[in-house]
Structure formats: C-alpha cells, structure tokens
Amino acid sequence: MAQPALDGARAVTDTLGRPIRDLRVSLTDRCNFRCDYCMPAEIFGEHYEFLHRREILSFEEIERLVRIFVGFGVKKVRLTGGEPLLRKDVPLLVEMLSRIDGVADLTLTTNGYLLDRLAAPLAEAGLQRVTVSLDSPDDGIFKQMNGRDYGVEPVLKGIESAAAAGLSPIKINCVVIRGVNDHTIVDLARRSKGSGHILRFIEYMDVGNRNNWNLSQVVTAREICERIDAEFPLEPLNPNYRGEVANRFAYADGSGEIGIVASVSQPFCGDCSRARLSTDGRLVTCLFAGGGDSLRDLMRAGYSDAEIERAIGRIWSGRTDRYSEERSENTDLDGYARSDRKIEMYQIGG
C-alpha cells in the first residue's frame, strides 16, 4: 500500500477549494447481506477471504484518527461497513467517539437486520442518528435484493427500536434499480409518509467493479420525483447545509419529506467534503477512487499525530476527485464507468 509523504504544510482544502467536513469510517468489510450492487453472492461466497482481525483498525486507532480529522474541521462522523453492527462491541467505540470534542454529529449506517437489539445500547453510548438501508417494503423483492432470503420484518423492527431509542430523525435509504425494485418506490413512500422518518432514494451508481452497472438500470432523480409527486404532491426544499447529497422535497400536505440522491444524473462533486477511512485504515478521498493511502501503517510505524496530520493535509490538498461529474461529461457512459478500477463499496461504506 502507498504511504503518503510526510513533508509539507497542513492543508484543509483540496485543489477545488473543498474542505474536510465529514468522515466516514468503515468498521468491517463483512456483511450478513449479499446485495448484488455491493457484495454479490456469486463472488462473496463462503470461501471468500475477508480481512484478518490484525489488518483492520482497532478502536483505539479509529479514535486517534477521528481526533486528528476533527482538527481539520470534521464535524460529522459516520460509522459504516460492510455491516458495522457485525463488529463486536460497537457501542464501546461509539462511547469513545462521542467523547471527542468537536464531533457534532455521530451517526451510523446499517442494513438494520441487527438493529433491534442494538438500538438502545448505541443510543446510550452516545450515537445520535441512524440511517437504515431498505430497498423495498415488498418481502419478495427485499429477499431477492439482499441475496440471503432475509425477510423485511427484522429491519422494520430495527427501525421501530431506533425510533424508540431516540436515534432520530431516522433516514431510510433505498437504492433504485430499474426492473428490480423501481415499481415499489411509491409503496415505500406511502408506508413511510407521516412516520417522521426521512426516506431517501438513491440513483443506482457504478460503485466498485462487480455490480455489472449499466446506465439503462438507472432510474433518474427526475423520474423518481415524478412518480411520487403523481401520487403524493411534492414541494422542493432548500438544502440543510452546503454539500448535502440529497435533493430535498416536502410532501405538500406537511406529512414529512423525502430526499433523492442524484449522483448519476445531477452530480454534486463540487461541494463534496467527505473523507473515508477504509476498514484497513486507508484514507480514500472519493467513493469512486481506485485506492487510498494507508494511515494505519503510519500509526503502526510509530509516527506522531503531527506527522500523520501533515500526511492527511498533503493528501487532501492534492485531491482532484470529481468522478461523477467526469462520468456525466463523457458521452459513452457505460464504457467510461468500466474503464477504471474502483475501490469496492463494502470497503468504505458508500
């Protein structure tokens, strides 16, 4: 793995003037689901070799790096995976991170299958919010998409438990794939409307190298909006903050809101302030990056916080990532999407 150079001054903006404000930390590369768009079962079978325990960041290493990133202005920390709730003692890590001054928003993204029993301990440890993936309310479609024949009921129970524990507002993410689950998006909106949860639809993206992405499978944000608006009239809302990834819409009757993440049809690279830590401690500067720079190796080689800080600053100051915009500028989108090898989503949590 590449190790970043340690010389140079600390920098807080990249070549396009984007600061670091959000940090996503992948706790594990393992998942109990086998969704085709992330970890297809035919590749990630029982003999697939995931990272050994010694290769992944310890809780103490994660805490140390989060403290350093806070020094760059990071306010929001999101725990991801794989499936982060498979990592043993996650509430302990949450408690450690919740004590760091400067972390204003501590959140976690999960498929929700284990959330029912962990929601209360996570809230007690200091977690503020959760985002739950739910690609369809239809049990058959849900089983098909998660690749494990798991029914939707445990996820719905997990959402209820999270709400009861105060992990609100809960965001529910749905990746929309044409011909797979797009016919259930209005039903999902119907079920979540008035619940207080924020439903977010995500255009199917060419993340990683193994999901056989094709542009024809993308249901655009405009089409998603039109389908829901025809049933439940929508009104546009302003972003909550610069760099918010979802376009926001309120139900005209005041019964809540939805968001649509339009990474394919309406790229938002220009405001991206997200850094990612892979499970094995690489700093990844884009969801579609080909790799990253190992901060784990620097820590284990005995480098000081100041040296690691300089390394992070140097990496970020040289950042030029604008993959989604470049994809949209390319006339042969399918060929472009397959042309560069990209890091897998399960390694950096989306």
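An account of the accompanying structure is given in this report. (Residues numbered from 1 in each chain as written. Predicted model: local features only at pLDDT ≥ 70, side-chain atom pairs only at ≥ 80, totals over all residues. Heavy atoms only, no water.)

1. Here we look at the overall build of the protein chain
Step number 1: Check the secondary structure of the protein chain and you find twelve helices and twelve strands.
Step number 2: The principal-axis extents of the C-alpha atoms in the protein chain amount to approximately 55 × 50 × 45 Å.
Step number 3: Relative to its full complement of 350 residues, the protein chain shows a buried share of 55%.
Step number 4: Restricting the contact set of the protein chain to residue pairs at least 6 apart, pairs at least 24 apart contribute 74%.
Step number 5: About 14,800 Å² of surface is accessible on the protein chain, with carbon and sulfur atoms providing 46% of the total.
Step number 6: Charge-centre separation for the protein chain: the mean point of 45 positive side chains lies 3 Å from the mean point of 52 negative side chains. (Helix = DSSP H or I, 4+ residues; strand = E, 2+ residues; numbered from the N terminus. Buried < 20%, exposed > 50% of the residue type's maximum accessible area, 1.4 Å probe, protein only. Contact = heavy atoms within 4.5 Å. Areas by Shrake-Rupley, 256 points an atom, 1.4 Å probe, with all protein chains shown as cover. Lys, Arg positive; Asp, Glu negative; His and termini not counted. Charge placed at Lys NZ, Arg CZ, Asp CG, Glu CD.)

2. What about the environment of Arg18?
Step number 1: For Arg18, the location among the structural elements is in the segment before strand E1 (22-26).
Step number 2: Look at Arg18 and you get buried, because its relative accessible area is 1%.
Step number 3: In this structure, the C-alpha to C-alpha distance between Arg18 and Thr110, residues 92 residues apart in sequence, is 27 Å.
Step number 4: For Arg18, the contacting residues outside a window of four places in its chain are Val12, Thr13, Cys269, Gly270, Cys272, Trp316, Arg319, Thr320 and Asp321.
Step number 5: There is a polar contact of 2.6 Å between the side chain of Arg18 and the side chain of Asp14. (Polar contact = N/O pair within 3.5 Å; in protein donor to acceptor, adjacent residues only side chain to side chain.)

3. Quick word on the side chain of Arg78
Step number 1: Structurally, Arg78 is set in strand E2 (residues 76-80).
Step number 2: Despite its burial, Arg78 remains without a salt bridge, the nearest opposite charge being carried by Asp105 at 6.0 Å.
Step number 3: Apart from the residues within four sequence positions on either side, Arg78 is in contact with Leu23, Arg24, Val25, Thr107, Leu108, Thr109, Arg129 and Thr131. (Salt bridge = Lys/Arg side-chain N within 4 Å of Asp/Glu carboxyl O.)

4. Observations regarding unusual backbone geometry
Step number 1: Here the amide bond leading from Gly81 into Gly82 is cis, since omega sits at 15°, within 30 degrees of zero.
Step number 2: Structurally, Gly82 is set in the loop between E2 and helix H2 (90-98).
Step number 3: Here the phi dihedral of Asp89 falls at roughly 65°; this positive angle occurs in a residue that is not glycine.
Step number 4: Following the sequence through the fold, Asp89 ends up in the loop between E2 and H2.
Step number 5: Residue Asp89 is classed as partly exposed on the basis of its relative accessible area, which comes to 44%.
Step number 6: The phi angle at Asp149 is positive, at roughly 65°, despite the residue not being glycine.

5. Looking at the sheet that holds E2
Step number 1: The twelve strands lie next to each other as E7-E8-E9-E6-E5-E4-E3-E2-E1-E10-E11-E12, forming an open sheet whose pairing is mixed. Edge strands, defined here as strands with exactly one partner in the open sheet, are strand E7 (234-236) and strand E12 (293-294).
Step number 2: In this sheet, strand E11 (residues 282-284) lies alongside strand E10 (residues 274-277) in antiparallel orientation, the contact comprising two bridges. In the sheet register, Leu277 faces E11, and the bridge partner there is Leu283.
Step number 3: Strands E1, E2, E10 and E11 of the sheet are contacted by helix H1 (residues 59-70), whose axis makes an angle of about 170° with E1. (Pairing = 2+ DSSP bridges. Axes fitted to C-alpha atoms, helices over the stretch in contact; angles between N-to-C directions.)

6. Quick look at the packing of aromatic side chains
Step number 1: What the rule picks out here adds up to eight aromatic pairs.
Step number 2: Ring geometry for Tyr48 and Phe50: centres 4.8 Å apart, planes at 65°, overall edge-to-face.
Step number 3: Take Tyr48: its relative accessible area is 25%, and that puts it in the partly exposed class.
Step number 4: Here the aromatic rings of Tyr113 and Tyr150 are separated by 4.5 Å at their centres, their planes lie at 20°, and the arrangement is stacked. Within this pair, whereas Tyr113 is found in the loop between strand E3 (105-110) and helix H3 (115-125), its partner Tyr150 is found in the loop between helix H4 (139-146) and helix H5 (153-164), the two being separated by 37 residues in sequence.
Step number 5: In this structure Tyr150 comes out as partly exposed when scored by relative accessible area, which is 24%.
Step number 6: Within the aromatic cluster, the residues linked to one another by ring pairs are Phe33, Tyr113, Phe142 and Tyr150.
Step number 7: Looking at Lys193, its charged tip hangs above the ring of Tyr251, at a distance of 5.3 Å from the centre. (Phe/Tyr/Trp six-rings, centres within 6.5 Å; stacked < 30°, edge-to-face > 60°. Lys NZ or Arg CZ within 6 Å of the ring centre and 35° of its normal.)

7. Overview of the nonpolar core
Taken as a class, soluble globular proteins show a tendency for nonpolar side chains to be buried jointly.
Step number 1: Membership of the largest hydrophobic core comes to 106 residues, with the highest contact counts inside it found for Val66, Phe69 and Phe201.
Step number 2: When residues in this core are grouped by element, the largest group, seven residues, is from H1.
Step number 3: Those residues in contact with Phe69, other than ones at most four positions away along the chain, are Ile20, Leu23, Val74, Ala275, Leu277, Leu283, Leu295 and Ile312. (Core = buried A, V, L, I, M, F, W, Y, C linked by side-chain atoms within 4.5 Å.)

8. Regarding the pattern of salt bridges
Step number 1: Overall, the coordinates contain 21 salt bridges when judged by the stated rule.
Step number 2: Notably, a salt bridge pairs Lys143 with Asp139, separated by 3.6 Å at the nearest N-O pair. With a gap of four residues between them, Lys143 and Asp139 both fall in helix H4, about one helical turn apart.
Step number 3: Judged by its relative accessible area of 28%, Lys143 is partly exposed.
Step number 4: One salt-bridge network, held together by shared partners, links Asp14, Arg18, Arg319 and Asp321.

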